[in-house]
Amino acid sequence: MTTKATTTTEIHLSDVSKTYRVGASDVHALRSVDLSIEPGQFVVILGPSGSGKTTLLNLIGAIDTPTTGSVDVGGTDLGSLDETARAAYRRSSVGFVFQFFNLIPTLTAAENVELIAELTDGDSGERAEETLGWVGLADRVDHFPSQLSGGEQQRVAIARALAKRPPLLLCDEPTGELDFETGRSILGLLRRLNRQHGQTVLVVTHNAAIGQMADRVIRLHAGEIFDDRHVDTPISAEELTW
């Protein structure tokens with residue numbers, strides 16, 4: 001069984017805007033965004049609440065569609081897909097990690113991961129155990145969420161996202177519900193998985209310090225990119241402070 005992402009994922013957004021109708025008003029979540037992300041990059045997307053960070057992630061993950069412009073991932077124009085094809089893209093190509101773990105409380109760690117692993121070929125039980133081993137939970141596979149710490153639950157959620165071996169991992173405030181030490185360990189895990197298994201990783205956060213460990217930092221404000229820079233010498237997660 002391969003432990004590498006099965007395909008490379010290059011991301012291109014061209015003149016992308018997203019507008020939501022809220023009551024009688026239009027809310028411009030993104031405004032004419034142009035963006036390219038290379039395969040295998042670890043990218044941190046920064047900005048205050050309402051800056052468009054989550055909207056950007058949702059467009060790349062095909063959870064939402066742009067009002068104008070195009071989103072191309074791995075050579076596929078996501079806007080050209082119908083809902084069935086969009087669901088297939090999410091199922092096969094993207095792993096999602098959210099601030100809230102969303103584990104099923106009546107299932108063990110292994111069973112929570114197996115639910116996603118069953119969407120791919122191969123032995124879902126074997127794949128679940130292997131992936132839980134990647135995130136340091138080989139000895140917790142039979143534990144229920146209530147028997148796990150917050151950090152362990154987030155590790156299960158990450159394992160669940162990785163069970164499909166997706167080329168793209170999208171993380172929306174993955175440390176938002178965790179204390180500093182646990183959050184830092186989760187970030188270190190994401191960076192290590194990025195380097196070992198080749199996924200393109202996008203981490204949305206409001207915490208500017210996390211950008212120090214990225215290959216690239218993109219800053220959003222009022223739906224626009226106002227800063228986009230590569231990090232010459234990323235530090236390790238263990239060196240982070242905030």
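**Notes on the overall build of the protein chain**
Next up, step 1: Across its full length, the protein chain carries six helices and ten strands.
Next up, step 2: Whereas a compact globule of 242 residues would reach a radius of gyration of roughly 18 Å, the protein chain reaches 18 Å, a difference of no more than 12%.
Next up, step 3: Structurally, the protein chain occupies a C-alpha span of about 50 × 45 × 35 Å along its principal axes.
Next up, step 4: Every one of the 242 residues in the protein chain was classed for burial, and the buried ones make up 50%.
Next up, step 5: Of the contacts formed within the protein chain by residues at least 6 apart in sequence, a portion of 72% connects residues at least 24 apart.
Next up, step 6: In the structure as shown, the protein chain presents an accessible area of about 10,800 Å², 47% of it carried by carbon and sulfur atoms.
Next up, step 7: Taken as two groups, the 21 positive and 33 negative side-chain charges of the protein chain have centres that lie 2 Å from each other.

**Considerations on unusual backbone geometry**
Next up, step 1: Even without being a glycine, E173 presents a positive backbone phi close to 50°.
Next up, step 2: Relative accessible area serves as the criterion here: at 12%, E173 is assigned to the buried category.

**A look at helix α6 (residues 180-197)**
Next up, step 1: When the terminal C-alpha atoms of α6 are compared, their 26 Å separation across 18 residues agrees well with the 26 Å that a helix rising 1.5 Å per residue should span.
Next up, step 2: Buried within α6 are the following residues: T182, G183, R184, I186, L187, G188, L189, L190, R191, L193, N194 and H197.
Next up, step 3: N-cap assignment for α6: the residue whose side-chain oxygen lies 3.2 Å from the backbone N of E181 is D179.
Next up, step 4: Phi for G198, located one or two positions after α6, is positive at around 85°.

**Examining the environment of Q153**
Next up, step 1: Within the fold, Q153 resides in helix α5 (residues 150-162).
Next up, step 2: Residue classification places Q153 among the buried residues on the basis of a relative accessible area of 18%.
Next up, step 3: As a C-alpha pair, Q153 and E181 span 28 residues in sequence and 15 Å in three-dimensional space.
Next up, step 4: Setting aside residues no more than four positions away along its own chain, Q153 makes contact with F101, L103, P145 and L148.
Next up, step 5: A polar atom in the side chain of Q153 sits 3.4 Å from the backbone oxygen of P145.

**A closer look at the packing of helix α4 (residues 124-134) against α5**
Next up, step 1: Between α4 and α5, the least distance of the axes is 9 Å, while the angle of their chain directions is 130°. By the angle between their axes, α4 is oblique relative to α5. Here α4 runs over α5; the crossing is right-handed. Of the residues in α5, those touching α4 at T131, L132 and W134 are V156, A159 and L162.

**Looking at the side chain of N207**
Next up, step 1: Along the chain, the position of N207 falls in the loop between β8 (200-205) and β9 (216-221).
Next up, step 2: Separated by 3.1 Å, the side chain of N207 and the backbone nitrogen of A209 make a polar contact.
Next up, step 3: N207 has contacts with L46 and W242, leaving out every residue within four places of it along the chain.

Here is what the cut-offs are and how they apply
- Residues numbered from 1 in each chain as written.
- Predicted model: local features only at pLDDT ≥ 70, side-chain atom pairs only at ≥ 80, totals over all residues.
- Heavy atoms only, no water.
- Helix = DSSP H or I, 4+ residues; strand = E, 2+ residues; numbered from the N terminus.
- Rg over C-alpha atoms; globule rule 2.2 N^0.38 Å.
- Buried < 20%, exposed > 50% of the residue type's maximum accessible area, 1.4 Å probe, protein only.
- Contact = heavy atoms within 4.5 Å.
- Areas by Shrake-Rupley, 256 points an atom, 1.4 Å probe, with all protein chains shown as cover.
- Lys, Arg positive; Asp, Glu negative; His and termini not counted.
- Charge placed at Lys NZ, Arg CZ, Asp CG, Glu CD.
- Expected span 1.5 Å × (residues − 1).
- Polar contact = N/O pair within 3.5 Å; in protein donor to acceptor, adjacent residues only side chain to side chain.
- Axes fitted to C-alpha atoms, helices over the stretch in contact; angles between N-to-C directions.
- Parallel < 35°, antiparallel > 145°, perpendicular 65-115°, else oblique.
- Left-handed = near helix turned anticlockwise from the far one by under 90°.

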